Amino acid sequence: MYGTKLKGSRYLEMTEGYCTRMALDANNEVIGYEFVNLGKLMDALKGGATGPEAIEKAKGTYGRFADAVKYIDPRKE
């Protein structure tokens, strides 16, 4: 995780896993994020799941992700 004054918060890799989307409120403040748990992803792949199935099984959210006004990809912002 890191942040700059110009671009604000950036979440990429955390304890939960790899951040795929950040949830923003009306003031463009981060209120949550979606992540892929890498341990669960690898377990699903070892269990025979396809790539897209494994990713869906390993996704989770944190904070008020569902209440966001907009979502951004932290890798592209």
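For every chain, the first residue of the written sequence is number 1, and numbering continues from 1 along that sequence. Residues qualify for local features only when their pLDDT is at least 70, as the model is predicted, and side-chain atom pairs are given and counted only at 80 or more; totals for whole chains, interfaces and linings, by contrast, use all residues. Computation of side-chain values: all heavy atoms of the structure, hydrogens and water removed.

**Quick look at the overall build of the protein**
The condition that has to hold: Numbering goes from the N terminus for both helices and strands, where a helix is a DSSP run of H or I of at least four residues and a strand is a run of E of at least two. Each residue is assigned to one of three classes by its accessible area relative to the maximum for its type, calculated with a 1.4 Å probe on protein chains only: buried under 20%, partly exposed between the two thresholds, exposed over 50%. Contacts are assigned to residue pairs that have any heavy atoms within 4.5 Å of one another.
Of regular secondary structure, the protein possesses 2 helices and 6 strands. Helices (α) and strands (β) of the protein occur, in sequence order from the N terminus, as β-β-β-β-α-α-β-β. Relative to its 77 residues, the protein shows a buried fraction of 35%. Contacts in the protein between residues at least 24 apart in sequence constitute 45% of all its contacts with a sequence separation of at least 6.

**So, the side chain of Glu 34**
Cut-off, in case you're wondering: Polar contact criterion, stated in full: a pair of N or O atoms within 3.5 Å, where within protein one must be able to donate a hydrogen and the other to accept it, and residues adjacent in sequence count only if both atoms are side-chain atoms.
Inspection of the secondary structure puts Glu 34 in strand S4 (residues 30–36). Exposure remark for Glu 34: the relative accessible area of 10% places this residue in the buried category. Separated by 2.8 Å, the side chains of Glu 34 and Thr 20 make a polar contact. Leaving out residues up to four positions away in the same chain, Glu 34 has contacts with Tyr 18, Cys 19, Thr 20, Arg 21, Lys 59, Gly 60, Thr 61 and Phe 65.

**So, the sheet that holds strand S6 (residues 70–72)**
As a reminder of what qualifies: By the convention used here, strands pair only if DSSP detects at least 2 bridges between them. Note on definitions: angles span 0 to 180 degrees between N-to-C directions of axes, and those axes are lines fitted to C-alpha atoms, for helices only across the stretch in contact.
Taken in spatial order, the 4 strands make up an open sheet running S5-S4-S3-S6, and their pairing is antiparallel. Looking along the sheet, the strands with just one partner apiece sit at the ends: strand S5 (59–63) and S6. Across the sheet, the mean angle from the axis of one strand to that of its neighbour is 25°, orientation sign disregarded. Relative to S4, strand S3 (residues 18–24) is paired through 6 bridges, and the arrangement is antiparallel. Directly across from Tyr 18, in S4, lies its bridge partner Val 36. Each of S4 and S5 touches helix H2 (residues 51–58); the most contacted strand, S5, lies at about 30° to it.

**Re the environment of Tyr 62**
Tracing the backbone through its elements, the reader meets Tyr 62 in strand S5. Here the alpha-carbon distance between Tyr 62 and Glu 16, two residues 46 residues apart in the chain, equals 9.2 Å. In contact with Tyr 62, not counting residues within four places along its chain, are Glu 16, Ile 31, Gly 32, Tyr 33 and Phe 35.

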